[in-house]
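# Survey of secondary and tertiary structure
Here are the chains, one letter per residue:
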Amino acid sequence: MAQIAEIIKYEGDNSTFIWKHPCEDFNSLTQLIVHESQEAIFFLNGQALDLFGAGRYTLETQNIPKLGKYLNRTTGGDTPFHCEVYFINKTVQMAIKWGTDSKIRFIEPSMGIPLEIGACGEMNLEVSDSRLLLLKLVGTMNGIAWGDSGAGFTKSIQNCFRPLISNAVKAHLTGAIKSQNINILEIDENLEALSDVLRESIVPGFEEYGLTIPQFYISNVALPENDPNFRRLRELHTVSFQTRMIQAEALVKTAHADAEASVVAAERKAALERQTTETEIARRAAERDVIRAQAEAQASKIAGMAEAEVMAAKGYTQRDVLAADVQKAYAEGIGNMTINGSGGGVAGDMIGLGVGVAAAGAVAPQLGEMFKGFAPTASLETPASGTKCAKCGAMLPANAKFCLECGEKATVSTSAETVVCPGCGKTVAKGKFCPECGYKFITVCPKCGKDVPIGAKFCLECGEKL
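Source: prediction; values computed, not measured.

About the cut-offs
Residues numbered from 1 in each chain as written. Predicted model: local features only at pLDDT ≥ 70, side-chain atom pairs only at ≥ 80, totals over all residues. Heavy atoms only, no water. Helix = DSSP H or I, 4+ residues; strand = E, 2+ residues; numbered from the N terminus. Pairing = 2+ DSSP bridges. Axes fitted to C-alpha atoms, helices over the stretch in contact; angles between N-to-C directions. Expected span 1.5 Å × (residues − 1). Bend = angle between axes of the 7 residues up to and from the residue. Buried < 20%, exposed > 50% of the residue type's maximum accessible area, 1.4 Å probe, protein only. Phe/Tyr/Trp six-rings, centres within 6.5 Å; stacked < 30°, edge-to-face > 60°. pLDDT = per-residue confidence, 0-100. Contact = heavy atoms within 4.5 Å.

To continue, consider unusual backbone geometry. Residues other than glycine seldom take positive phi values, yet Ala95 does so here, at roughly 55 degrees. One can find Ala95 in strand S9 (residues 93-99). A positive phi angle, close to 50 degrees, is found at Asn181, a residue other than glycine.

Laid out in structure tokens, this is it:
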């Protein structure tokens, strides 16, 4: 009879997935210890009973209800009964290696070159369903591990699943490379994406036996370095890469040139806008100056016309005022020639005569300059033919409105040639300018530049039609 065990616990190594305890005869007082990373399943007469998680258990009916009907047939608490206990390791087995058992045929899509490649890597493995793994894969064995030598088991998980892994990698690796447009020469930088694709294809085969693969890694894709076709492919890739580099450099230079041209164009545009702004400011300033000057001239003209209208309404002009001042000065000079009763005598007369002559000499230049513009052919010294003062009979200067002897207002002779001034509407002696308002009676020939009288139809010098 086998020895009766008092404590049952896991005594296998960490690389073992399922381990069967060697003792098979227990009594109802036996203690069962299950660690946090483990599960335990009881078998009785080849039938799997309850599954235990982490903890310490006493084998009695309240802990194993299905065992109660068998224990009730015995008497006494120390009566042994025959059963089996399997411990399942729930830890994740890390860095389990895998690899393809033969080369994989691969047709490079861009060049159509046939190649042969291989793949290998690692994965993490974990028990997801303890009962399913025990019933479908272990059976009556003493246990199972990944490797061939694990605890002396008759078979290993690696040997069981090697064909599944190899077939899945061969069936899906080349398709994943083509579907994701991966260059075979740049495959190392795409290993993570390929690993995810292969994991999805392999996991269902493991889950069918109560195992799962949390992580699956492709660590290397073996390329045929000695294959002439592969060397040719690498050379073509190098040429293509160099061509792309040259094109990229050309694009960079073009981009730099475009950027510099844009900067220069922006600077020119800014300078042109500044110049345009300055020109516009100067033009507007000039326009304001012209408008201001025109306004001032118009105001001066209106003021002058208003003053002329006031003087015309009073019956005299500015020339009348000047003539009156001249006459007054002359009269005062003559008055100073009166003999003084105190015996001044000849000296007084000469002094008075000198004052009068001085006054006349002072006023004469201004009077001559004024009448020079109004009547170029007339002179203060030259009396008008037949024009005399109606009061004292003295001869009057040309165009004089007041008598220089007595101050009487002169009457314009109707015998002299007269015109109606377009500027003021008055009848005045014919000349180049109106003696009343200064209106110019002549125009300029556009061809020869000579003065032509107002109203003439042809130039008297060159015959140009006006």
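On we go.
Our focus in this paragraph is the sheet that holds strand S5 (residues 47-52). Within a sheet, each strand pairs with its neighbour through backbone hydrogen bonds, oriented either parallel or antiparallel. Read across the sheet, five strands follow the order S5-S4-S8-S2-S12 without closing on themselves; strand pairing throughout is antiparallel. Where the open sheet ends on each side, the last strands, each with one partner, are S5 and strand S12 (143-145). The mean inter-strand angle of the sheet, taken between neighbouring strand axes irrespective of direction, is 20 degrees. Sheet analysis places strand S4 (residues 38-44) next to S5, joined by four bridges and oriented antiparallel. Along S5, the bridge assignment pairs Phe43 with Ala48.

Time to look at helix H4 (residues 191-207). Spanning 17 residues, H4 covers 24 Å between terminal C-alpha atoms, matching the ideal 24 Å at 1.5 Å per step. Ser201 marks where H4 bends most, by close to 30 degrees; the proline Pro204 follows one to four residues later. For H4, the set of buried residues is Leu191, Leu194, Ser195, Leu198, Ile202, Val203, Gly205 and Phe206.

So, on to the packing of aromatic side chains. Tallied over the entire structure, the rule returns nine aromatic pairs. Both rings, one in Tyr10 and one in Phe87, keep their centres 6.1 Å apart while their planes meet at 65 degrees; by these two values the pair is edge-to-face. With Tyr10 in the loop between strand S1 (5-8) and strand S2 (16-20) and Phe87 in strand S8 (residues 84-89), this residue pair connects regions lying 77 residues apart in the sequence. Considered together, Tyr10 and Phe87 belong to a single accessibility category, that of buried residues.

A few words on the confidence of the model for the protein. Confidence along the protein averages 78 in pLDDT terms, with 75% of residues attaining 70 or more. Every residue in residues 72-78 is under pLDDT 50, and counting partners more than four places away or in other chains gives five contacts.

Most of S8 sits out of view: six of its six residues are buried. The alternating pattern of S8 places Glu84, Tyr86 and Ile88 on one face and Val85, Phe87 and Asn89 on the opposite face, and all of these are buried. Strand direction decides the pairing type here: S2 and S8, joined by three bridges, are antiparallel. Bridged to Ile18 within S8 is Ile88.

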